[in-house]
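Observations on the model geometry
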Amino acid sequence: MSPQSRSGPFRVPALVLALCATAFMVSGAPAAAAEIPRAPGHRLVSDYTGAPAPSVPVPGQAPPQHPFLAPNGRSGMHADAAGSGTYPYAGPLGRDPEVSSEQIAPLGGECATATFDAAGRLITVCGTFTGFLLKLLDPRTLDTLAEYALPQRSSTVEAITRLDFSKIFKDTSGGAYFYLDNQDRVVLADSRQHIQRIAHEQAADGSWRFTVVDDWDLTGQVPHDCVSWTNLYPSGTCDPVTSVMPDWQGRIWWVTRLGRVGTVDPQTSTIRSVQLTGEEIQNSFSVAEDGVSIVTDHALYSFATASDGTPRVQWRQTYDRGTGTKPGSVNQGSGTTPDLFGAGDDYVAITDNADDRMNVLVFRRAPGLPDDHRLVCKVPVFGSGASTTDNSMISWGNSLVVENNYGYENVGTLLLGRSVVGGVARIDVRPDGSGCDTVWDSAVRSPSTVPKLSTANGLLYFYEKQPHALGIDAWYLTAVDYRTGERRWSKLTGTGISYDNNWAPVTIGPDGTAYVGVFNGIVAVRDAP
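Described in the following lines is the structure provided in the data block.

Further remarks concern the side chain of Asp239. When you line up the elements, Asp239 lands in the loop between strand 12 (208–217) and strand 13 (241–246). Relative accessible area serves as the criterion here: at 0%, Asp239 is assigned to the buried category. In this structure the side chain of Asp239 is engaged in a polar contact, spanning 2.8 Å, whose partner is the backbone nitrogen of Leu258. Those residues in contact with Asp239 that lie beyond four places of it in its chain are Gln193, Val222, Pro223, Thr256, Arg257, Leu258 and Arg260.

What follows is the structure, given as structure tokens:
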């Protein structure tokens with residue numbers, strides 16, 4: 001699931017404004033990074049616990065490289081087309097780790113999806129006080145090299161005019177989900193229901209800028225009577241575009257909140273779509289050669305296309321969506337982007353929204369199977385009455401790792417030293433496909449991050465907050481042994497609301513740095529030289 005877009009009212013107007021957007025372009029000399037200020041109390045908490053971990057690579061076959069995406073690990077929030085959440089290069093081992101940060105704006109500024117171009121420069125979207133900004137950052141100094149502002153989201157205007165600031169935390173649209181293509185171009189859907197393809201280039205004087213190279217208007221297919229400053233009380237329907245991804249033929253797929261699934265042919269600009277009536281899509285989706293996997297708040301789908309590019313359903317599996325939205329979920333449904341995985345690359349996994357205990361669900365994804373032969377396993381995880389996740393799982397080989405987000409809703413949830421019940425579990429599909437087993441459970445409290453695995457060193461990375469009796473809100477990057485679930489080390493990144501990641505992911509950079517988007521910008525943790 002995406003950052004900056006979860007449920008729960010949090011009635012602080014400035015926090016809403018942190019996610020606004022207006023359109024302008026900035027280029028020129030780099031803007032030096034300013035550190036995110038720490039709240040009082042950082043001297044009263046541990047700076048580092050544990051010990052450096054050995055580097056023990058995890059054997060296995062990496063997800064297939066998508067022909068129209070940047071190399072695995074560099075292309076999007078979930079690292080690759082399969083949504084695995086894995087990186088082929090090593091993250092920090094915990095050797096005297098150093099922390100740096102960039103304060104993107106005086107208030108707000110969270111940087112969500114982070115991608116990397118061929119030279120290792122960081123490309124991200126940040127929700128600043130004045131708007132969503134596409135930014136090019138120096139990966140070491142975090143200096144801003146270029147930025148491009150995206151159109152303002154209707155949820156921001158609606159939140160301010162209706163005094164209902166939960167609107168922005170339920171909004172996954174506007175560019176938070178984007179991908180980097182095989183030519184290092186950003187592809188995103190903005191709040192105007194347009195898909196843009198954006199390149200970055202360096203001028204003769206050394207400065208950088210973003211340039212829109214393609215713009216596809218979806219408004220002929222998508223209702224767009226949305227709230228704006230000149231249309232405060234629309235009478236029609238507004239259906240924001242949630243996410244975009246390419247298929248193996250190069251078509252750009254897109255989904256909307258109200259259940260529309262569509263394609264754009266970049267060669268002809270032909271746009272096709274269908275609607276899943278009565279269903280909502282708030283997650284991103286995953287792609288393999290055999291189809292596009294999309295989860296709604298009612299069912300898991302596999303899609304292909306008809307000869308003219310119109311999406312067609314290959315198969316559909318419903319799941320237990322429960323009786324309501326849990327604290328820690330954006331809607332009454334699965335909170336996961338589908339994981340495409342397995343030693344034979346033949347499974348797809350999601351979680352459900354069952355009332356008592358959430359389940360990890362694994363299905364066979366081959367087209368043509370009878371519906372009653374698809375389910376491989378249904379494994380309950382975490383405690384009774386306190387389990388949900390709104391983030392993608394990690395998948396590698398026949399293994400899945402899932403975290404518990406129950407109790408987190410937005411940046412106001414965990415103030416004054418509070419935390420969540422937490423929990424992380426590893427589930428493995430048996431080699432013969434006869435079911436699944438829980439390998440280990442961990443007590444790590446990762447309220448809302450999209451966790452990641454470095455297959456090069458065998459460490460899982462979470463963004464953690466423990467309860468504190470003195471009311472100190474201390475946030476840590478925590479490394480966990482993938483094989484055993486043992487906590488290896490935790491490094492303090494900062495204290496206070498500014499360091500709450502608010503659903504942003506951990507991202508491992510090609511140079512071994514771990515990045516985390518936080519409410520006031522972005523944090524980097526790397527081993528000392």
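With that settled, the discussion passes to the environment of His42. By the element assignment, His42 lies in the loop between strand 1 (25–26) and strand 2 (48–50). Considered as a pair, His42 and Ile472 are 430 residues apart in the sequence and their alpha carbons are 7.8 Å apart. The residues contacting His42, other than those within four sequence positions of it, are Leu492 and Thr495. Separated by 3.4 Å, the side chain of His42 and the backbone oxygen of Ala39 make a polar contact.

Further remarks concern the sheet that holds strand 13. Taken in spatial order, the four strands line up as 13-14-15-16 in an open sheet, and their pairing is antiparallel. The open sheet is flanked by strand 13 and strand 16 (271–275), the only strands paired with a single partner. Here the average twist between neighbouring strands, direction ignored, is 20°. For strand 15 (residues 260–264) and strand 16, the ladder comprises five bridges, and the chain directions are antiparallel. Counterpart to Val264 in the pairing with strand 16 is Ile271.

Formed by 29 residues in total, the largest nonpolar core has its most connected members in Ile195 and Trp254. At the level of secondary structure, the elements contributing two or more residues to this core comprise strand 10 (186–189), strand 13, strand 14 (252–256), strand 15, strand 18 (291–295) and strand 19 (299–305). Element by element, the count of residues in this core is highest for strand 14, at four residues. Listed in part, the 27 residues of the second largest apolar core include Ala53, Ala79, Tyr463 and Tyr499.

In terms of burial, strand 7 (residues 132–137) is a largely internal element, six of the six residues being buried. As paired strands, strand 6 (residues 122–127) and strand 7 are joined by six bridges and run antiparallel to one another. The residue bridging Ile123 from the neighbouring strand is Leu136, located in strand 7. Bridge count for strand 7 against strand 8 (residues 144–149) is five bridges, and the pairing is antiparallel. By the bridge assignment, Leu137 is partnered in strand 8 with Thr144. Counted along the chain from strand 7 to the antiparallel partner strand 8, the turn is six residues long, and its residue Leu142 has a positive phi close to 65°.

Here we come to the pairing of strand 22 (residues 347–351). A large share of strand 22 lies buried, amounting to five of its five residues. Residues Tyr347, Ala349 and Thr351 point to one face of strand 22 and Val348 and Ile350 to the other, with burial holding for every one of them. Pairing geometry for strand 21 (residues 339–341) and strand 22, over three bridges, is antiparallel. Paired with Phe341 across the two strands is Tyr347, which belongs to strand 22. Following strand 21, the chain reverses through five residues before pairing antiparallel with strand 22; Gly342 in that reversal takes a positive phi of roughly 115°. For strand 22 and strand 23 (residues 359–364), the ladder comprises five bridges, and the chain directions are antiparallel. Across the sheet, the residue bridging to Thr351 is Val360, located in strand 23.

What counts and what doesn't
- Residues numbered from 1 in each chain as written.
- Predicted model: local features only at pLDDT ≥ 70, side-chain atom pairs only at ≥ 80, totals over all residues.
- Heavy atoms only, no water.
- Helix = DSSP H or I, 4+ residues; strand = E, 2+ residues; numbered from the N terminus.
- Buried < 20%, exposed > 50% of the residue type's maximum accessible area, 1.4 Å probe, protein only.
- Polar contact = N/O pair within 3.5 Å; in protein donor to acceptor, adjacent residues only side chain to side chain.
- Contact = heavy atoms within 4.5 Å.
- Pairing = 2+ DSSP bridges.
- Axes fitted to C-alpha atoms, helices over the stretch in contact; angles between N-to-C directions.
- Core = buried A, V, L, I, M, F, W, Y, C linked by side-chain atoms within 4.5 Å.

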